[in-house]
Amino acid sequence: MDVARKIVIVAKKIIHRILQWPSKTVHSIYSIGPIKNKRYRHRIDLIRHHSQNLSVLNTDETPLAEGLARQGFCTTNLEIFEAFRSEKFQAATNDIYNVIEKNYVETGENIDIVKLLAAKPLLLDQFKTIFRAGLDTKLLRIVEHYLRLPVGYGGVDIFFTVADGLERGARAWHKDSEDNPMVKVAVYLNDVGENDGPLEILHLQHNAPLFENLRGFRQQKLIDLQNEGKIKFEITSFTGPTGAVILCDTFKYFHRGKPAVGRNRRALFFNYYANKPLTPYFCPNPPFSVDRMKDLVSDLSTTQQDAALWRENLKGIDKIVTKRKPYLNL
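The present account deals with the structure reproduced in this document. Fair warning: this is a prediction, and the values are worked out from it, not measured in the lab. (Residues numbered from 1 in each chain as written. Predicted model: local features only at pLDDT ≥ 70, side-chain atom pairs only at ≥ 80, totals over all residues. Heavy atoms only, no water.)

Take the pattern of salt bridges next. Here the structure, examined in full by the defined rule, presents 16 salt bridges. Between Lys-138 and Glu-61 there is a salt bridge, and its shortest N-O distance comes to 3.3 Å. Of this pair, Lys-138 sits in helix α9 (residues 137–147) while Glu-61 sits in the loop between α3 (33–50) and α4 (62–71), placing them 77 residues apart in sequence. Lys-138 sits in the buried class, given a relative accessible area of 16%. The exposure class of Glu-61 is buried, given its relative accessible area of 0%. A salt bridge links Arg-132 to Asp-299, with the nearest nitrogen and oxygen atoms 2.8 Å apart. Taken as a pair, Arg-132 in helix α8 (residues 124–133) and Asp-299 in the loop between α11 (290–296) and α12 (302–308) lie far apart in primary sequence, 167 residues in all. Taken together, the salt bridges that share partners define one network made up of Asp-60, Glu-61, Lys-138 and Arg-141. (Salt bridge = Lys/Arg side-chain N within 4 Å of Asp/Glu carboxyl O. Helix = DSSP H or I, 4+ residues; strand = E, 2+ residues; numbered from the N terminus. Buried < 20%, exposed > 50% of the residue type's maximum accessible area, 1.4 Å probe, protein only.)

Looking now at the packing of helix α6 (residues 87–107) against α8. Two elements in contact, α6 and α8, have axes separated by 9 Å at closest approach and are oriented at 125 degrees. By the angle between their directions, the pair α6 and α8 is classed as oblique. Both α6 and α8 take part in a crossing whose hand is left-handed. In contact with Lys-88, Phe-89, Ala-92, Thr-93, Asp-95 and Ile-96 of α6, α8 contributes Gln-126, Phe-127, Thr-129, Ile-130 and Ala-133. Along the lines of polarity and charge, the residues of the contact of α6 with α8 split into six nonpolar, three polar and two charged. (Axes fitted to C-alpha atoms, helices over the stretch in contact; angles between N-to-C directions. Parallel < 35°, antiparallel > 145°, perpendicular 65-115°, else oblique. Left-handed = near helix turned anticlockwise from the far one by under 90°. Contact = heavy atoms within 4.5 Å. Nonpolar A, V, L, I, M, F, W, Y, C, P; charged D, E, K, R; others polar.)

Written as structure tokens, this is what we have:
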């Protein structure tokens, strides 16, 4: 059984790398000096143009926007965001996570949202509620001021982190690559202490060259390098109660979910980048087709609709290679 499972894992990795080939090819071309410089100059022009059209921040939004701009991260709680504090959102998250946890208790397996909705299609409305919550207008304004550009909404990741102590996947140190800069917003749905898988970010005092091209590494590597005198580092660990919200630039910082050994963690991660990312081909697939997405956000403001439908603004090669196939076939 173990051999069969390993074969399946290797096969999935091979398929994944094959599917990444178009994106990596385009990225290699865009990384050529003159082309890269041209794209960055265009980004600067867009920032300069949008500086006259930045949304006006409310009083309670300003400290968060300033903290995010100053440090690349800030913390708050869900009470300031209308979408997150709504009873409908709270009920939707409870419904989905209760099913995920029940499935884990019964099978010992952590089911992802695609398989969950395929098995339990009646939960689709709850997923839509959670997805729409990421378009909260306060949140979009804060992120817009950090990016200094109109916001593209990358959807939501629904994480149920099992307290098994394993250091793998998002629990190893890594950086995100969808855009530079970008913002992830974590929402804790249960109390998260030091042993319960808090989001952590890494502060490297000496950024050794070997870190520049690393996709991911484990905690022991940091400890070994520090013991060898090659680096010094500090870690910010975002513990917090139910309802804690963390905004962080996950392109800027190596980050991870600390391997949990206490209790299982329920946490949502919402993703944001400029509506014309520098590397749109690294952005994940949307959950819905364009038509379904338009229906889902049709009652929202123009700003919210534009954030959800950012792929429609892409042109040329960017539009061709950016992932558009919905990951939910419902």
